[in-house]
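Structural overview
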Amino acid sequence: MTEIINVNELEQAAGGQVIKTTNTGFTVYKTEANDTLWSLSQKFGVSVDDIFRYNKEEIKRWAKKFGVVCQNEDDYKNYLWIGEILNIPPKKTV
């Protein structure tokens, strides 16, 4: 039996979607191919450092799962995988 994969279904399965917004203003986001902390910071209007601070343990857990060990904690900012669930903090207002 042969099944044809629909590109839209594949993209949805890969992630890249806002799952929900919490009552504290955080956006729960599932990563997709080519997401970086920089691209997410631009998309949501928050700093790379803020996103990393709220997701550091999750990012490090995924890195470990894929055999990545960084000597410098900031180096983990370079690693995201498809399907990670990240908490994106709300934009800061001045």
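For the rest of this paragraph, the subject is the nonpolar core. With 17 residues, the main nonpolar core has Leu40, Ile59 and Ile88 as its most contacted residues. Going through the elements one at a time, helix H2 (37-44), helix H3 (48-65) and strand E3 (85-88) are the ones with two or more residues in this core. At five residues, the largest contribution of residues to this core is made by H3. Ile59 has contacts with Leu37, Phe52, Tyr76, Tyr79, Leu80, Trp81, Glu84 and Leu86, leaving out every residue within four places of it along the chain.

It is worth spelling out the sheet that holds strand E1 (residues 17-21) at this point. Spatially, three strands are ordered E1-E2-E3 in an open sheet, and the strand pairing comes out antiparallel. With partners counted over all chains shown, the strands left at the sheet margins are E1 and E3, one partner each. Strand-to-strand, the axes of this sheet are offset by a mean angle of 25 degrees, without reference to chain direction. Of the strands in this sheet, E1, strand E2 (27-30) and E3 touch H2, which is tilted by about 140 degrees from E2.

Within this structure, the stated rule accounts for five aromatic pairs. Seen in terms of ring centroids, Trp62 and Phe66 are 6.2 Å apart; in terms of plane orientation they differ by 25 degrees. Their pairing is stacked. Taking relative accessible area as the criterion, Phe66 reaches 46% and is therefore assigned partly exposed. On the numbers, 5.8 Å between centres and 10 degrees between planes, the contact of Tyr79 with Trp81 is stacked. When its relative accessible area of 31% is taken as the criterion, Tyr79 is described as partly exposed. Taken together, Trp62, Phe66, Tyr79 and Trp81 form an aromatic cluster joined through their ring pairs. We note Lys65 situated over the ring of Trp62; from NZ or CZ to the ring centre the distance is 3.9 Å.

Following the criterion strictly, the structure yields six salt bridges and no others. Of the charged contacts, one joins Lys56 and Glu73 as a salt bridge, the two residues approaching to 3.2 Å between their closest N and O atoms. Of the two residues, Lys56 sits in helix H3 while Glu73 sits in the loop between H3 and E3, which places them 17 residues apart along the sequence. For Lys56, a relative accessible area of 26% puts it in the partly exposed group. Notably, a salt bridge pairs Asp74 with Lys77, separated by 3.5 Å at the nearest N-O pair. Asp74 sits in the partly exposed class, given a relative accessible area of 45%.

A few words on H3. Along its 18 residues, H3 runs just 22 Å from first to last C-alpha, ending more than 12% under the 26 Å computed at 1.5 Å per residue. Turning to H3, its buried residues are Asp50, Ile51, Phe52, Asn55, Ile59, Trp62 and Ala63. Looking at the buried residues of H3, the elements they touch are H2 and E3. At the exit of H3 stands Gly67, carrying a positive phi of roughly 80 degrees.

So, how was this worked out
- Residues numbered from 1 in each chain as written.
- Predicted model: local features only at pLDDT ≥ 70, side-chain atom pairs only at ≥ 80, totals over all residues.
- Heavy atoms only, no water.
- Core = buried A, V, L, I, M, F, W, Y, C linked by side-chain atoms within 4.5 Å.
- Buried < 20%, exposed > 50% of the residue type's maximum accessible area, 1.4 Å probe, protein only.
- Helix = DSSP H or I, 4+ residues; strand = E, 2+ residues; numbered from the N terminus.
- Contact = heavy atoms within 4.5 Å.
- Pairing = 2+ DSSP bridges.
- Axes fitted to C-alpha atoms, helices over the stretch in contact; angles between N-to-C directions.
- Phe/Tyr/Trp six-rings, centres within 6.5 Å; stacked < 30°, edge-to-face > 60°.
- Lys NZ or Arg CZ within 6 Å of the ring centre and 35° of its normal.
- Salt bridge = Lys/Arg side-chain N within 4 Å of Asp/Glu carboxyl O.
- Expected span 1.5 Å × (residues − 1).

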